[in-house]
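# Notes for the structure review
Residues per chain are reported as follows:
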Amino acid sequence: MLMLPATPATVQATPIDARWVVSGLRMRVLVPLALGLIILFATLTTMILLARARQSEQDLAQRAASVQTRVQERIDSEARTMRSLLELLMLDQQLVAAMRARDRGALLALAAPVFDTLRVRNKVSHMYFILPDRTVLLRVHAPEDYGDRIGRTSLLRAERTGEPAWLNEPGPRGTFTLRVVYPWTVRGQLIGYMELGIELEDLLDGLKGTLGADLFVAIDKSRLDFKNWQAAQDHGAHRMDWDEFPQTVLITRTTEKLPPELRAFLSGQAATTSKRTFEARQGGRIQQVISERFQLGGQDVGRMLVMSDITDGVAERRRAVLTLAALSLLIGGALTAFFYVLLGKVQQDVAARTARLGEARASLAEEHLDRRRAERELVSQHERNEMLEARSRMLDKLADATQTAQAALRDNEEITRKLREMQSELVATARQAGRAEIATNVLHNVGNVLNSVNTSAGLIGSTLRRSRLTGLARALQLLEQHAGDVGDFLTRDAKGKLLPGYLAAAGQALASEHQGMTQELERLMKSLDHIEEIVATQQSHAVAGHVIEPVMPAELAENALRMQSAALIRHNVQVVREFGAVPRVPLDRGRVLQILVNLICNATAAMGGLATDARRLTVRIEMATPSRLRFAVSDVGEGIPQENLTRIFAHGFTTRADGHGFGLHSSALAASEVGGTLTVHSDGPGRGATFTLELPLPARTE
C-alpha cells in the first residue's frame, strides 16, 4: 500500500528579500576581475621583459663568438701570409748561398730591404735566420743581438715535425708575438730555419672598425717577465703602463678613456675568471662590456673585453615598458568601467527577477497544499487499482524487453558491417606497412654506404680548400703585371727570381692533389654502385627470383670492409681477416654485401665504449659443410644479455639511444630470402658477440 508522508495542514512560504540577494553583487564581481586583469598584465609584461632579456643574452653570446672568430681569422690570415712570404724568400738563391756560408753581412744586406718593406706593408716586426742547432745567426730587426740559442715552442715544433709551425708566444723582451717558423731545406738537406713575427698589439690593431666597438686585451702579469717587459717598453713604439692595474697589463686599447666600472673590473678580476658581461656608464652613455677569456697557444693568458654602446637599446626597452604599462592601465580602466556599468544593469535585472520569483514561490506554496489534499483522496483509489497497476507494469516490462532485443539485433548487424569494413582497411594497411618496411630497409642500408660517400666527398672538399691554386694564381698575376718585361723580371727582380722555383713546387703539389682526388673519386663511384645494388636488391621484392652470379667470398668481404673503412679508421678499429681457401661460388652479391655491411657497422658501434687500442673486429670465411658457406663477424664490444638474444633480430628492437632496429631485422630477412640463416652468439655483457651468416651452395662448385 502506498503511504504518503505526514505533512502539516498549511505550508508557509518564506519571503525572498530582493535587496539582500543583489547587495554587493557589483563589488563581488569587479574585485576578482580587477585582480585578474592586474595579474594578466603583470604576467604579460614579465614575459615580454624575459623574452627581451633572453634575446639580449643571445645577442651578447653571438657578439662574443663573433669577436673570438674575427680575432682567430685575423691570426690565421696573418700566419698564412707570413708562411707564403717565407716560401718565396727561401727560393732566393742568393739568400740560400749566404745562409749556407753563414755570412751574416750578406744575409743582412739581402734581407734588410725586404724586412723594411714587410714592416711597412704587413707590420712584420721580427725576422730571424736560425741555424739547424737553433742558434740565432741573424736578427734582421736587431742585427746586434745574435748567437743565442732559441727554445721557443714554435721552433721546437718545426724542428720535431719538419713542417712549418706558427704560434702566439712571448719573446725574450716579454711581448707576445705571432711567430711563423719554416724549416729551410735545399735538396733534402736542412740548412736552417727562417722566422717572421708580428707583435700581438699590431695584429689586433684595426679590429675596432670591423667590430663596431672598442676592444681591450688584458694579459695576466703572471704570464710576463717584468724585466723583459720593461726592456721592451724602453725600445718599442708601444707604451703600456705596468702599474695601471694590479693583476693585468692592458696591451691593446682602442680608446684611452675607461669607464669606472671597467677599471674596477680590471682591478679586481683575475685574468683567468669565467666569462662575464656587465654595464658601464661614461659621458651619459651606457656601455655593454663583454669579457671573454683570451687564449694563445691553447692556454688562457688573459681576458679580451669588447665594449659596445647600448644607450639607444636601453632607452627603447624603457619606452616599451612604459608604453605597455600605460596601455595596460588604459585597457584595464576601460574594462573596469565597462563591467561596472554592465553589472549595474545586471544587478537591477536580478532584483526585478528576484521579486517575481518571490511571488511565484508564494503561489507555488498554495498549489502544493491543494496537491497534498488531492493525494490523500487518491490513496484509497490507489489501493483498489494496485493489482491492475502491477499487471500493467509487467506488460510494460515485456514490451520494453522486446524493444531492447530488437535494438540489440539491429546493433549486432551494424557491428558486423563495421567489422567487415575494418577488416578491409586492415588488409590495405598491412600491405602499406609491408611496403614501408621495405623502404625503411633500403634507407638504412643506403645510409650505411652514405657514410663512405660523405667521407670521400669530405676528403675531396678538404683537398680543394687546401689547394695551392690560390698561390699559383698570385704568381701568375705577377707574370701578367710584367708581361712586357718577363725576361728582366725573372732574371733581375728579387721576386721574379723566386717565381720559377715556386711554380715548379706548386705544379708538384697540384699533381699530388690531382692523384689523391682521383683515388677518392674511385672510392666514391664504388660506393654509389653499391647504393644502386641495394636499391636493385630491394626491388626484387616485387618480382620472383634473385640475381645469382659467381663471386669470390673474400672479394665480397673486402668490399664490405672498404665501404665501412671510414668508420673503422675513425673509431681506430683493428681488422683481423681469417679468410679460408674458398673458391668462387654462385651468390646473390647484392643481398650478401648488404648483410655484411650491416654486421660490420653494428660491430663497430658495439665497441664505442672500449679503449682505442682494444677495439678488434674479426671477419672469418670458411666452408661450414661441403654445401654451405659461412661468414662470421666477431667483435670484443659490449656483448648481448641472454634475454636479448631471442629479440635481437626483431623489427624495431635496439639497445642504442640512436638506433632504430632496422639493420639486423632487414639482414635476417635478406638471409632468409636467399635460403640462408643469420644467427648470433654472445657470452654476456662485456664479452663481445659473433654474428654468423650461413648460405646454401649447389652440390658442385668450381
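Heads up: these notes are all about the structure in this document. None of the values given here were measured: they were computed from a predicted structure.

## A look at the nonpolar core
- Residues Met127, Phe129, Trp184 and Phe294 are the most contacted members of the largest nonpolar core, which totals 49 residues.
- Aside from chain neighbours lying at most four places away, what touches Trp184 is Met90, Leu95, Val96, Met99, Phe129, Gln189, Leu190, Ile191, Gly192, Tyr193 and Met194.
- Leu593, Ile600, Leu629 and Phe649 belong to the second largest nonpolar core, which has 41 residues in total.

## Describing the packing of helix 3 (residues 93–101) against helix 4 (residues 104–121)
- Viewed as axis vectors pointing N to C, helix 3 and helix 4 meet at an angle of 155°, and their least axial separation amounts to 8 Å. Looking at the two axes, helix 3 sits roughly antiparallel to helix 4. Here the hand of the crossing between helix 3 and helix 4 comes out left-handed. Across from Gln94, Leu95, Ala98 and Met99 in helix 3, the residues of helix 4 making contact are Ala106, Leu107 and Leu110.
- Here the contact of helix 3 with helix 4 is built from residues that sort into six nonpolar, one polar and no charged.

## Observations regarding the pattern of salt bridges
- A complete count under the given rule lists 20 salt bridges for this structure.
- With its nearest N and O atoms 3.7 Å apart, the salt bridge here joins Arg74 to Glu78. Pair noted here: Arg74 and Glu78 are both in helix 2 (residues 25–89), with a separation of four residues, about one helical turn.
- Judged by relative accessible area, which is 23%, Arg74 ranks as partly exposed.
- The exposure class assigned to Glu78 is buried, which follows from its relative accessible area of 16%.
- Across the pair Arg577 and Glu558 runs a salt bridge whose closest N-O atoms are separated by 2.7 Å. Taken together, the residues span a long stretch of sequence, with Arg577 in strand 12 (residues 574–579) and Glu558 in helix 15 (residues 553–563) at a distance of 19 residues.

## Quick word on helix 9 (residues 260–268)
- Of all the residues in helix 9, the buried ones are Leu262, Phe265 and Leu266. Viewed end-on, helix 9 has its buried residues packed into an arc of 95°, placing them on one side of the element. Pointing more than 90 degrees away from the buried face of helix 9 are the exposed residues Pro260, Ala264 and Gly268.

## Notes on the sheet that holds strand 4 (residues 176–186)
- On the basis of which strands lie adjacent, the open sheet formed by five strands has the order 2-1-5-4-3 and antiparallel pairing. Each of the sheet's edge strands pairs with one partner strand only, and the pair in question is strand 2 (136–139) and strand 3 (165–170). Taking each pair of neighbouring strands and ignoring which way they run, the sheet shows an average axis angle of 25°.
- Where strand 1 (residues 126–130) and strand 2 come together, three bridges link them in antiparallel fashion. Its bridge partner being in strand 2, Tyr128 is matched across the sheet by Arg139.
- Across the sheet, helix 3 lies against strand 1, strand 2, strand 4 and strand 5 (189–199), angled at about 110° from strand 5, the strand it touches most.

## Things to note about the packing of aromatic side chains
- Counting across every chain of the model gives three aromatic pairs.
- Consider the rings of Phe129 and Trp184, whose centres lie 6.2 Å apart with planes at 40°: the pair is tilted. Here Trp184 lies in strand 4 and Phe129 lies in strand 1, a separation of 55 residues in the sequence. Of the two residues, Phe129 and Trp184, both sit in the buried class.
- Each ring, one from Phe265 and one from Phe278, has its centre 5.0 Å from the other, and the planes form 35°; the classification is tilted. You can see Phe265 sitting in helix 9 and its partner Phe278 sitting in strand 8 (residues 276–282), a full 13 residues away along the chain. The burial state of Phe265 is the same as that of Phe278; both residues are buried.
- Over the aromatic face of Tyr146 sits the side chain of Arg104, whose NZ or CZ is 3.6 Å from the ring centroid.
- It is Arg152 that lies over the ring of Tyr128; its NZ or CZ is 5.2 Å from the centre.

## Let's talk about a nonpolar patch on the surface
- Together, Met27, Val31, Leu35 and Ile38 line one region of the surface with nonpolar side chains, adding up to about 390 Å² of accessible area.
- Looking at where Ile38 falls in the secondary structure, it is placed in helix 2.

## A word on the side chain of Thr311
- As for its placement among the helices and strands, Thr311 is situated in helix 10 (residues 311–384).
- Within the local environment of Thr311, its side chain forms a polar contact with the side chain of Arg285, the two groups lying 3.4 Å apart.
- Among the polar contacts made by the side chain of Thr311, one reaches the main-chain amide nitrogen of Ile286 at a distance of 2.7 Å.
- Discounting chain neighbours no more than four positions away, the residues touching Thr311 are Arg285 and Ile286.

## Focus: the sheet that holds strand 17 (residues 689–696)
- One open sheet holds the five strands; their spatial order is 12-14-15-17-16, and the pairing between them is mixed. Edge positions in the sheet fall to strand 12 and strand 16 (677–681), since each has one partner strand and no second. Strand-to-strand twist across the sheet, computed as the mean angle between neighbouring axes with direction ignored, equals 15°.
- Where strand 14 (residues 616–625) lies against strand 15 (residues 628–635), eight bridges are found, and the strand directions are antiparallel. What sits directly across from Glu622, in strand 15, is Arg630.
- Lying over the sheet, helix 17 (residues 589–606) contacts strand 14, strand 15, strand 16 and strand 17, oriented at roughly 20° with respect to strand 15.

Cut-offs applied
Residues numbered from 1 in each chain as written. Predicted model: local features only at pLDDT ≥ 70, side-chain atom pairs only at ≥ 80, totals over all residues. Heavy atoms only, no water. Core = buried A, V, L, I, M, F, W, Y, C linked by side-chain atoms within 4.5 Å. Buried < 20%, exposed > 50% of the residue type's maximum accessible area, 1.4 Å probe, protein only. Contact = heavy atoms within 4.5 Å. Axes fitted to C-alpha atoms, helices over the stretch in contact; angles between N-to-C directions. Helix = DSSP H or I, 4+ residues; strand = E, 2+ residues; numbered from the N terminus. Parallel < 35°, antiparallel > 145°, perpendicular 65-115°, else oblique. Left-handed = near helix turned anticlockwise from the far one by under 90°. Nonpolar A, V, L, I, M, F, W, Y, C, P; charged D, E, K, R; others polar. Salt bridge = Lys/Arg side-chain N within 4 Å of Asp/Glu carboxyl O. Arc of directions from axis to C-beta. Pairing = 2+ DSSP bridges. Phe/Tyr/Trp six-rings, centres within 6.5 Å; stacked < 30°, edge-to-face > 60°. Lys NZ or Arg CZ within 6 Å of the ring centre and 35° of its normal. Patch = residues over 30% accessible without salt bridge, like charges linked within 9 Å, V, L, I, M, F, W, Y side chains within 5 Å. Areas by Shrake-Rupley, 256 points an atom, 1.4 Å probe, with all protein chains shown as cover. Polar contact = N/O pair within 3.5 Å; in protein donor to acceptor, adjacent residues only side chain to side chain.

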